[in-house]
Amino acid sequence: FLEGHVKRIEEGWDDTKSKAQDRLQLLQETKEAWVGYAENNENIASEFEKAEEEIKKVKKRFNLQSALEDLKRRQDIYNTSNNTITGLFNSINSNFKCMCITLPEDKKKIVDKEIKAVEEKLEVGGRFKEKVDKLEEFCTALSNFDASLKSIDSWKEEATSELNDIKNSSDKMVPEDRVARTMDLQEDIAAKMEILVKNAETEKELLPQGDKVPQDAQDFKDELNRITKYVSELQEKTKCECNKYSEDVKFWAEYRTGIKEFTPWLVASEESCTQGLAKPTNLDEVKALNDKVNTFAKSCENYLKVLMSADGAAKKMTTHAEADNEVAALKGRFDKVKGVSDEWVAKVDTLLKEWTLLDNTVTELNTWVAKDKSAEGENQFSLEKMESTLGELKNIFKQKEKLVDGL
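Worth saying up front: this structure is predicted, and the values here are computed from it rather than measured.

On to the overall build of the chain, then. From N to C terminus, the chain includes ten helices and zero strands. When the helices and strands of the chain are listed from N to C terminus, the series reads α-α-α-α-α-α-α-α-α-α. By residue count, 33% of the 407 residues in the chain fall in the buried class.

Closest axis-to-axis distance for the helix α2 (residues 64-99)/helix α4 (residues 123-168) pair is 10 Å, and the angle between their directions is 160°. Accordingly, the angle class assigned to the pair α2 and α4 is roughly antiparallel. The interaxial crossing formed by α2 with α4 has left-handed handedness. Contact residues: α2 offers L64, A67, L68, D70, L71, R74, Q75, I77, Y78, S81 and I85, while α4 offers V124, G125, F128, K129, V132, L135, E136, C139, L142, S143 and D146. Along the lines of polarity and charge, the residues of the contact of α2 with α4 split into 13 nonpolar, four polar and five charged.

All right, on to the pattern of salt bridges then. Evaluation of the coordinates by the stated rule reveals 33 salt bridges. Note that D70 and R73 form a salt bridge whose closest N and O atoms lie 3.1 Å from each other. Note that D70 and R73 are positioned in helix α2 at a spacing of three residues, about one turn of the helix. Residue K347 is joined to E343 by a salt bridge in which the shortest nitrogen-to-oxygen separation is 2.9 Å. You can see K347 and its partner E343 sitting in helix α9 (residues 321-369), four residues apart, about one turn around the helix.

For the rest of this paragraph, the subject is the packing of aromatic side chains. Two measures describe an aromatic ring pair: the distance that separates the ring centres and the angle between the ring planes. With the rule as written, the count across this model stands at nine aromatic pairs. Ring geometry for Y78 versus F128: centroids 5.4 Å apart, planes at 80°, classification edge-to-face. You can see Y78 sitting in helix α2 and its partner F128 sitting in helix α4, a full 50 residues away along the chain. Using a relative accessible area of 11% as the deciding quantity, one classes Y78 as buried. Its relative accessible area of 1% is what places F128 among the buried residues.

Right, let's talk about the confidence of the model for the chain for a bit. Of the residues in the chain, 78% reach a pLDDT of 70 or more, and the chain-wide mean stands at 83. Looking across the chain, the model is least confident in helix α10 (residues 383-405), with a mean pLDDT of 55, and most confident in α4, with 93. Taken as a whole, residues 372-379 scores under 50 in pLDDT and shows three contacts with residues more than four places along the chain or in a different chain.

Tracing the sequence through the fold places K221 in helix α6 (residues 215-243). A relative accessible area of 10% places K221 in the buried class. The contacts of K221, once residues within four sequence positions are left out, are E203, L207, P208, Q209 and V213.

Before going further, it helps to spend a moment on the nonpolar core. If you look at the biggest cluster of nonpolar residues, it comprises 52 residues, and the most contacted ones within it are I44, L142, L207 and V231. Looking at this core, the elements that each hand over two or more residues are α1 (2-57), α2, α3 (105-120), α4, α5 (175-206) and α6. Ranked by residue count, the leading element in this core is α4, at 14 residues. In this view, V231 contacts I152, W155, K156, I189, M193 and L196; residues no more than four positions away in its chain are not counted. In this structure, V179, V293, C300 and V348 belong to the second largest nonpolar core, which totals 30 residues.

With that settled, the discussion passes to the environment of K60. Relative to the helices and strands, K60 is located in the loop between α1 and α2. Sequence spacing of K60 and D70 is ten residues, and the spatial spacing of their C-alpha atoms is 9.0 Å. In this structure K60 touches L135 and F138, once residues within four positions along its chain are discounted.

This part is about the side chain of E54. With respect to the helices and strands, E54 occurs in helix α1. In this structure the side chain of E54 is engaged in a polar contact, spanning 3.2 Å, whose partner is the side chain of R74. In contact with E54, not counting residues within four places along its chain, are R74, I77 and F128.

Thresholds applied
- Every chain is numbered independently, its residues counted from 1 as its sequence is written.
- Only residues with pLDDT of at least 70 get local features here, since the model is predicted, and only at 80 or more are side-chain atom pairs given and counted; chain-wide, interface and lining totals rely on the full set of residues.
- Derived side-chain values reflect all non-hydrogen atoms in the structure, with water molecules and hydrogen atoms excluded from consideration.
- For helices the rule is a DSSP run of H or I covering at least 4 residues; for strands it is a run of E covering at least 2, with both sets numbered from the N terminus onward.
- Categorising residues by exposure relies on relative accessible area from a 1.4 Å probe, with only protein chains included: less than 20% of the type maximum marks a residue as buried, more than 50% marks it as exposed, and the intermediate range marks it as partly exposed.
- Every axis corresponds to a line fitted to the C-alpha atoms, with the helix fit spanning only the stretch in contact, and the corresponding angles, defined between N-to-C directions, vary from 0 to 180 degrees.
- In these notes the angle categories are as follows: under 35 degrees is roughly parallel, over 145 is roughly antiparallel, 65 to 115 is roughly perpendicular, and the rest is oblique.
- By definition, any crossing whose near helix is turned counterclockwise from its far helix by less than a right angle is left-handed, and any crossing with a clockwise turn is right-handed.
- Whether two residues are in contact is decided by their heavy atoms, any of which lying within 4.5 Å being enough.
- Under the scheme applied here, ten amino acids are nonpolar (Ala, Val, Leu, Ile, Met, Phe, Trp, Tyr, Cys and Pro), four are charged (Asp, Glu, Lys and Arg), and all others, including Gly, are polar.
- Basic side-chain nitrogens of Lys or Arg form a salt bridge, by our definition, when they fall within 4 Å of a carboxyl oxygen of Asp or Glu.
- What counts as a ring pair is set by centres within 6.5 Å for rings of Phe, Tyr and Trp (its six-membered ring), and what kind of pair is set by the plane angle: stacked under 30 degrees, edge-to-face over 60, tilted for all other angles.
- On a range of 0 to 100, pLDDT expresses the predictor's confidence in each residue.
- What makes a nonpolar core is a set of buried Ala, Val, Leu, Ile, Met, Phe, Trp, Tyr and Cys residues whose side-chain atoms join them at distances within 4.5 Å.
- We call two N or O atoms a polar contact when they sit within 3.5 Å, provided that within protein one can donate a hydrogen and the other can accept it, with sequence-adjacent residues counted only if both atoms are side-chain atoms.

Listed below in structure tokens is the structure:
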């Protein structure tokens, strides 16, 4: 009896002790949560103030190297601030969760309101990020602007060397070569001038304007003006050099336009000649083939005019030996295409006539055979006429087959 009573007392004691320890643990955790809640609220308020101060320090710098270094610094500061604030806010919520175990409902509402007030201040992180992102966009634009200026600055030396080479080697070049090189240089310069115009627009958006401009920004402005002035003068010099051959330039352009129009057609036509004609299987296909070869023949006539027009423009130039050689080569290739075209027209025309004759003869024969007896009751059918017509059909058919095989 005593042993059972003692055992129940021991079990009760162990249970009471366990609950007391759990309660003590809860009270300790709750105490730590309250302490942590207070400390985290103080710390996060301090971090909000620091973030506000750092936002004010985010400013544009116009020295590229300094701007990139400052951007890296601002990004690191933002990341640290954001991680710290996020961590503190998560800890505050964790503290509140623990505190809620022992907090009465009315007290919970008060603390929850305090946390919501803290949450509203988290927007400082968004403003900080927006400022840093805009700074990054600015640095990217400034880097691109700087790279563009450096690229054109390097190119202008090459362009100047090209112009000097054209001048100094003019006696060694045929005029069309000189015209071509000068025109290529002009096109290149014009493309660079377009870039400089865009750079000027970028400069107005990117750099401060007015009288009091930071020196680093002014350095970019001066560099843009220097390069633009140099390229503009180079453009004028190249134009003057080109004007010495103004007529040749015009005729050369006409010549090249004609050649560029003629050559693709010639290449495509040569390929068509190599492929040959499809073999028709009925009269409709022969008619379609006839339209095709006649259209091709017409295109030969039209494109010969293009080639001759280009040749006429070339012959108006001061010298045109190279153009003459090119035209002669193209004319030789054209003549081969034209020969094939003429052969096709002749063959298909003959085939069309034979096939039409065959078709008409078959129609006539069918009509004659199916003809009703005459009113007098005499059968108009003639065996001799039938044999004659069939013989004619055989001959026409053989000739047609021979023509088809010859395509």
